[in-house]
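Architecture at a glance
Chain residues, written in single-letter form:
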Amino acid sequence: AQSVTQLDSQVPVFEEAPVELRCNYSSSVSVYLFWYVQYPNQGLQLLLKYLSGSTLVKGINGFEAEFNKSQTSFHLRKPSVHISDTAEYFCAVSDTGNQFYFGTGTSLTVIP
Amino acid sequence: GAGVSQTPSNKVTEKGKYVELRCDPISGHTALYWYRQSLGQGPEFLIYFQGTGAADDSGLPNDRFFAVRPEGSVSTLKIQRTERGDSAVYLCASSLWGGHTGELFFGEGSRLTVL
């Protein structure tokens, strides 16, 4: 089975500052990797995904993530955050494409 | 509607009662997932349907939990003899091809509180 570790449960950051949310996974096989965002009182939405190809993937709202196979990481980054980015962010991994394993989430709070 | 719809949005019940939670996926999506999210945790996989059949039910915690999808569209998660530990948000998601495209579309969840 896969597992996902999100190292930071809470990340406060000032508006317009850069942010990195860390994600590591454990797997002995090829995986698909995802970041989902959950805004207050809303369902989870896909931010970006890595299925194959370029290890740097770009998503919605200016977010990007880099797949690093040797470090089994898929960290999420944004060069300049906005107040509207305040939300819960979940990293997820799937090996078969059928079962998705989620991390415990990182709460991003953007401070004005 | 265009998205995944879950009802009820909130359910409060007493310990020992029976509960049904409904999920209406996006039209045409063949794959349907149920997850459970407890406070401060990520979504925990329960069961996955491909069409009418449960392709993977390894996440169901015990035999009090059961889910059906008789016509390959709407799904119902059934919980018998509810316990306080069952309190959580139950999330439903659907996908066109069972996940290989990478995108699960989630509903807003059904918050279950067992008193």
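Everything below is about the structure shown above.
Residues numbered from 1 in each chain as written. Chains lettered and ligands numbered in written order. Predicted model: local features only at pLDDT ≥ 70, side-chain atom pairs only at ≥ 80, totals over all residues. Heavy atoms only, no water.

**Side note on the packing of aromatic side chains**
- All chains considered together, the criterion is met by 14 aromatic pairs over all chains.
- Aromatic side chains A:Tyr25 and A:Phe67 sit 6.4 Å apart centroid to centroid with 25 degrees between the ring planes, which places their arrangement in the stacked category. Residue A:Tyr25 is found in strand β4 (residues 24-26), and its partner A:Phe67 is found in strand β8 (residues 64-68); the two are separated by 42 residues along the sequence.
- For A:Tyr25, a relative accessible area of 7% corresponds to the buried category.
- Here A:Phe100 and B:Tyr33 contribute two aromatic rings whose centre-to-centre distance is 5.9 Å and whose plane-to-plane angle is 85 degrees, an arrangement assigned as edge-to-face. Of this pair, A:Phe100 sits in the loop between β10 (87-94) and β11 (101-102) while B:Tyr33 sits in strand β4 (residues 31-37), on two different chains.
- Through successive ring pairs, a cluster of aromatic residues spans A:Phe34, A:Tyr36, A:Phe100, A:Phe102, B:Tyr33, B:Tyr35, B:Phe45, B:Tyr48 and B:Phe106. (Phe/Tyr/Trp six-rings, centres within 6.5 Å; stacked < 30°, edge-to-face > 60°. Helix = DSSP H or I, 4+ residues; strand = E, 2+ residues; numbered from the N terminus. Buried < 20%, exposed > 50% of the residue type's maximum accessible area, 1.4 Å probe, protein only.)

**Thoughts on the interface of chain A and chain B**
- With 19 residues of chain A at the contact, the number on the chain B side is 22 residues.
- Counting the surface lost from both chain A and chain B, the interface buries some 1600 Å², and carbon and sulfur atoms represent 52% of this.
- For the pair chain A and chain B, the interface holds 0 salt bridges.
- Counting residues per element, the side of chain A that touches chain B draws most heavily on strand β5 (residues 32-38) of chain A, at 4 residues.
- Considering only residue class, the side of chain A that touches chain B consists of 9 nonpolar, 9 polar and 1 charged. (Contact = heavy atoms within 4.5 Å. Buried area = accessible area lost by both parts, 1.4 Å probe. Salt bridge = Lys/Arg side-chain N within 4 Å of Asp/Glu carboxyl O. Nonpolar A, V, L, I, M, F, W, Y, C, P; charged D, E, K, R; others polar.)

**Notes on the sheet that holds strand β7 (residues 65-68) of chain B**
Residues and elements named next belong to chain B.
- Taken in spatial order, the 4 strands line up as β1-β3-β8-β7 in an open sheet, and their pairing is antiparallel. Each of the sheet's edge strands pairs with one partner strand only, and the pair in question is β1 (5-7) and β7. Mean inter-strand twist for the sheet, computed between neighbouring axes without regard to direction, equals 15 degrees.
- When strand β3 (residues 19-24) meets strand β8 (residues 75-79), the two strands line up antiparallel, connected through 5 bridges. Directly across from Leu21, in β8, lies its bridge partner Leu77. (Pairing = 2+ DSSP bridges. Axes fitted to C-alpha atoms, helices over the stretch in contact; angles between N-to-C directions.)

**What to know about the pairing of β7(B)**
- With burial as the criterion, only one face of β7(B) is covered, namely that bearing B:Phe65 and B:Ala67; the residues B:Phe66 and B:Val68 on the opposite face remain uncovered.
- If you look at the hairpin formed by β7(B) and β8(B), you'll find 6 residues sitting between the two strands, and B:Gly72 has a positive phi there, around 75 degrees.

**A few points about the side chain of A:Lys78**
Residue and element names in this part refer to chain A.
- Relative to the assigned elements, Lys78 resides in strand β9 (residues 73-78).
- Note on Lys78: relative accessible area 6%, which makes it buried.
- A polar contact is formed between the side chain of Lys78 and the side chain of Asp85, at a distance of 2.8 Å.
- Filtering out sequence-adjacent residues up to four positions away, Lys78 remains in contact with Ala17, Pro18, Val19, Asn61, Gly62, Phe63 and Asp85. (Polar contact = N/O pair within 3.5 Å; in protein donor to acceptor, adjacent residues only side chain to side chain.)

**Thoughts on the state of the cysteines**
All names here are of chain A.
- Summed over all chains, the structure comprises 2 disulfides over all chains.
- Across the disulfide, Cys23 is cross-linked to Cys91 (sulfur-sulfur distance 1.9 Å). Looking along the S-S bond of the Cys23-Cys91 disulfide, the torsion reads about -65 degrees, which is the left-handed sense. Placement of Cys23 in the loop between β3 (19-21) and β4 and of Cys91 in strand β10 is noted, with a sequence separation of 68 residues between them. No difference in accessibility class separates Cys23 from Cys91, as the two residues are buried. (Disulfide = S-S within 2.5 Å.)

**Details of the nonpolar core**
- A:Leu33, A:Trp35, A:Leu47, A:Leu48, A:Phe74, A:Leu76 and A:Tyr89 are the most contacted members of the largest nonpolar core, which has 28 residues in total.
- Those elements that provide at least two residues to this core are β2 (10-14), β3, β5, β6 (44-50), β8, β9, β10 and β12 (106-111) of chain A.
- With 4 residues, β10(A) is the single largest residue contributor to this core.
- Ignoring anything within four residues of it in the chain, the contact list for A:Leu76 reads A:Val19, A:Glu20, A:Leu21, A:Trp35, A:Leu47, A:Leu48, A:Phe63, A:Glu64, A:Ala65 and A:Tyr89.
- Counting residues in hydrophobic clusters, the runner-up holds 20 residues, among them B:Trp34, B:Leu46, B:Ala67 and B:Leu77. (Core = buried A, V, L, I, M, F, W, Y, C linked by side-chain atoms within 4.5 Å.)

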